[in-house]
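Listed below are the residues making up each chain.
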Amino acid sequence: MSQDELKQQVALAALQYIKPQLRPDAIIGVGTGSTANFFIDALAALKYDFKGAVASSEATAERLRGHGIEVFDLNEVSQLAVYVDGADEANRQLELIKGGGGALTREKVVASVAKMFVCIVDESKAVEMLGAFPLPVEVLPMARSSVARAITALGGQPIYRAGMLTDNGNIILDVHGLSISNAKEMENKLNNIVGVVTNGLFAQRSADVLLLATSEGVKTLTVINTPAGSGEFY
């Protein structure tokens, strides 16, 4: 199967997975990116089964509205029934790297108020250790150089994503060369750098469910923490 076919497969699986969460008054969160776009297109078939959506980017909001789905500002919503989004990498603890499309801050905010975070990816995004995909960090433009020096001191190689501004008017540094064995710790270290808005590690708020598209079908993965703090897929 092609990668697009896998993305479409997992998007349709996500639609079936979240159906029980849909109510006439339910508002759901929707992410950004190519896999999320397949989900939005599929979601249009159920648009009369829920009230509307909160979008993690302007591009997502436009696509939702194009399907006749009402888009709400997050300030109007106290809690989301579910948040569905893709990822650039996912490990066995369902910790993620996100932000390849530059929407990491809004994605992280929307995920933080969702009862359930369902991440949808194809099998190429499943990794044992995060960091092969360059980690996006959203930075205030005036702090670009100072943040880059601080990231270098942590062992990363930050590269400015030229010609790109986020929906928040900030810039992105893509950090290469990291092997992230402790994602929660690295997420905190990066967020504590003055001038960083947030980074693309979703470890403090990881996914609750990972739907993984493979050539053998879609696998549903969750993590059960053991006393030692490790996890196993089920």
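The text that follows walks through the structure, step by step, so that each part is easy to find. Here the structure is a predicted model, which is why all the values come from computation and not from measurement. (Residues numbered from 1 in each chain as written. Predicted model: local features only at pLDDT ≥ 70, side-chain atom pairs only at ≥ 80, totals over all residues. Heavy atoms only, no water.)

1. Things to note about the environment of Gly99
Locating Gly99 in the fold gives a position in the loop between β5 (96–97) and α4 (104–112). Note: C-alpha distance between Gly99 and Val209 (110 residues apart in sequence) is 19 Å. (Helix = DSSP H or I, 4+ residues; strand = E, 2+ residues; numbered from the N terminus.)

2. Here we look at the packing of helix α2 (residues 34–43) against helix α3 (residues 58–66)
Contact geometry for α2 and α3: axes closest at 9 Å, N-to-C directions at 20 degrees. Relative to α3, α2 is oriented roughly parallel. As for the relative orientation of α2 and α3, their crossing is right-handed in sense. Along its contact with α2, which presents Asn37, Ile40, Asp41 and Leu43, the element α3 presents Thr60, Arg63 and Leu64. Here the residues of the contact of α2 with α3 sort into three nonpolar, two polar and two charged. (Axes fitted to C-alpha atoms, helices over the stretch in contact; angles between N-to-C directions. Parallel < 35°, antiparallel > 145°, perpendicular 65-115°, else oblique. Left-handed = near helix turned anticlockwise from the far one by under 90°. Contact = heavy atoms within 4.5 Å. Nonpolar A, V, L, I, M, F, W, Y, C, P; charged D, E, K, R; others polar.)

3. Remarks on the packing of helix α1 (residues 3–18) against α2
Geometrically, a packed helix pair is captured by the angle between its two axes and the distance between the axes. It is the contact of α1 with α2, at a shortest axis distance of 8 Å, that shows an interaxial angle of 50 degrees. Between α1 and α2, the crossing angle belongs to the class labelled oblique. In the packing of α1 onto α2, the handedness of the crossing is right-handed. Counting all contacts with α1, which are made through Asp4, Lys7, Gln8, Val10, Ala11, Leu12, Ala14, Leu15 and Ile18, the residues of α2 involved are Ser34, Thr35, Phe38, Phe39, Ala42 and Leu43. Taken together, the residues of the contact of α1 with α2 sort by class into 10 nonpolar, three polar and two charged.

4. Quick word on the pattern of salt bridges
The full count for this structure, using the stated rule, is nine salt bridges. The closest approach of N and O atoms between Glu95 and Lys184, which form a salt bridge, is 3.2 Å. A residue pair is termed long-range when its members are at least 10 positions apart, and Glu95 in the loop between β4 (89–90) and β5 and Lys184 in helix α6 (residues 183–191) qualify at 89 residues. (Salt bridge = Lys/Arg side-chain N within 4 Å of Asp/Glu carboxyl O.)

5. Considering the packing of aromatic side chains
All told, the structure shown has two aromatic pairs when counted by the stated rule. Note on Tyr83 and Phe117: the rings are 5.1 Å apart at their centroids and 45 degrees apart in plane angle, and the pair reads as tilted. Taken together, the residues Tyr83 in strand β3 (residues 83–85) and Phe117 in strand β6 (residues 117–122) connect sequence positions 34 residues apart. With a relative accessible area of 0%, Phe117 lands in the buried category. The ring of Phe202 is capped by Lys98, whose NZ or CZ atom sits 5.5 Å from the centre of that ring. Residue placement shows Lys108 over the ring face of Phe202; its charged tip is 5.2 Å from the ring centre. (Phe/Tyr/Trp six-rings, centres within 6.5 Å; stacked < 30°, edge-to-face > 60°. Buried < 20%, exposed > 50% of the residue type's maximum accessible area, 1.4 Å probe, protein only. Lys NZ or Arg CZ within 6 Å of the ring centre and 35° of its normal.)

Such coordinate-based values are descriptive only and should not be taken to indicate function.
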